[in-house]
Amino acid sequence: MKIDFLEFESMIKDLFDPEFSFDSSLVESWSSMQSLIVVSAIDEHYDVLISHQELKRAKTIHSLHSIVIKKFC
Amino acid sequence: MPLFKVANTKIAGISGAVPKNKVSNKDLEGLSQEQIDLLIKTTGIENRRVAEESICASDLCFVAAEKLLEELKWNKNEIEILIFVTQTPDYIMPGTSMILQDRLNLPKSCMTLDINQGCAGYVYGLSVISNMMSSGAIKKGLLLVGDTITKLIEKGDNSIVPIFSDAGTATAIEFDSFAKDMIFNLQTDGSGYESIIVTEGGARNQTGDRTKKMRMRGHDVFAFALKEVIPNIESVLKYAGKEKNQIDYYILHQANKLLNESIRRKMKIDSSKTPYTLGKYGNTSCATIPLTLVSELGEEVKSSNLELLFSGFGVGLSWGAVCVNISDIVCPKLIEL
């Protein structure tokens, strides 16, 4: 299964109510609670577990997407 | 021996007690309204119970045990084992189980044991007491499981304060040669011991700062549970020869809603089979499983034959599950102390 970036980005954006302050593109700006929500969703959608270190390394959603693809294969 | 069965013992009754003092996460200081809303929505925890300074886990377990024994009409002289599972004992020494034996007026023929376990503590405690009683040498026993974990938390630490809460429980175990086997799967990964830790106050750091409280690496604990809990439950179901739909209720440790719902959805368990007490009582450490049973299934268990699965996971890192049958057990109303 291919993980399309736009689909991945949309999945993450949909996790949060529009009224919450959340920049889906900037991983490094996420609060710990927001990070856990995203980690849980990635695990559920793609069966890929993202560690704390991997999340810290992924500063943008593009690099997070790359990590997920790498672990997914 | 991660997977094993225990014969000849059954749960005769379960009771619970929580502190009267109710605290709401809506009143948390140092967080914006938006942060509070997200926290409550994500964790599922709105209210918590926090014990006053004078109330310990042993006090909550004591009142739960007294009420349970009264309703069971057990002769206290027949109780020959008491196990107390906690991470908040009254003292470093002696063990609190010995103090509880005296407070409950149990006979000197009653053996006692303290077990230092957290979120997996109920499953671990049940495995120990049922194994001790399986041969029939001991006919009646008490498993007391509780924590006043809020005493280990730094006031104002908003990474931990909104999660944890206090409770004590009592479970009566009885020898019964007709009882269905309890099936256990217990696991450990001590390499993660620093994920949830109180570093000071033990023998390792005797000269350290004793005001230092509990630390938790939330992401590590979350990832551990996502990775380990489901295979643990699936293994115990397989060993027990049960399909997922043959379990009436999955009583999961009440960690937080995000994690528990993720486990439930991945396992494709219907939401009606996973009762929650997070909203009312938060994460009460080792007490969450029996507390949830008393609070949410208290009426049903009095007159039903149910196949249950308990799953605990957390500090250690330690995790375990048990498949257990309960039938018409005694279950007094939850006590407030």
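Residues numbered from 1 in each chain as written. Chains lettered and ligands numbered in written order. Predicted model: local features only at pLDDT ≥ 70, side-chain atom pairs only at ≥ 80, totals over all residues. Heavy atoms only, no water.

Novice: How should the interface of chain B and chain A be read in this particular structure?
Specialist: Frequently, the measure chosen for interface size is the accessible area removed from exposure when the parts meet. Taken residue by residue, the interface counts 18 residues in chain B and 18 residues in chain A. Taken together, both faces of the contact between chain B and chain A bury some 1,600 Å²; the carbon and sulfur share is 65%. The largest share of the area that chain B buries against chain A comes from B:E34, B:L38 and B:H219, three residues that together contribute 38% of it. At the junction of chain B and chain A, the tally comes to three salt bridges. A salt bridge links B:K266 to A:D43; the nearest nitrogen and oxygen atoms lie 3.0 Å apart. Remark: the boundary between chain B and chain A carries five residue pairs in polar contact (both at pLDDT 80 or more). (Contact = heavy atoms within 4.5 Å. Buried area = accessible area lost by both parts, 1.4 Å probe. Salt bridge = Lys/Arg side-chain N within 4 Å of Asp/Glu carboxyl O. Polar contact = N/O pair within 3.5 Å; in protein donor to acceptor, adjacent residues only side chain to side chain.)

Novice: Would you explain the environment of B:S262 in this entry?
Specialist: Within the secondary structure, B:S262 is located in helix α6 (residues 257-266). The class of B:S262 is buried, set by a relative accessible area of 0%. Apart from residues no more than four positions distant in its own chain, B:S262 is found in contact with A:S40, A:D43, A:E44, B:L226 and B:K257. (Helix = DSSP H or I, 4+ residues; strand = E, 2+ residues; numbered from the N terminus. Buried < 20%, exposed > 50% of the residue type's maximum accessible area, 1.4 Å probe, protein only.)

Novice: Would you mind going over the sheet that holds strand β13 (residues 305-314) of chain B with me for this structure?
Specialist: Working definition: the strands of a sheet are paired by backbone hydrogen bonds and lie parallel or antiparallel to each other. Residues and elements named next belong to chain B. Within the open sheet, the five strands sit side by side as β1-β9-β14-β13-β12. Their pairing is mixed. A strand with exactly one partner marks an edge of an open sheet, and here the two such strands are β1 (3-6) and β12 (249-252). On average, each strand axis in the sheet is inclined to that of its neighbour by 20°, with strand direction left out of account. Across the sheet, helix α5 (residues 218-240) touches β1, β9 (182-188), β12, β13 and β14 (318-327), and the angle it forms with β14 is around 40°. (Pairing = 2+ DSSP bridges. Axes fitted to C-alpha atoms, helices over the stretch in contact; angles between N-to-C directions.)

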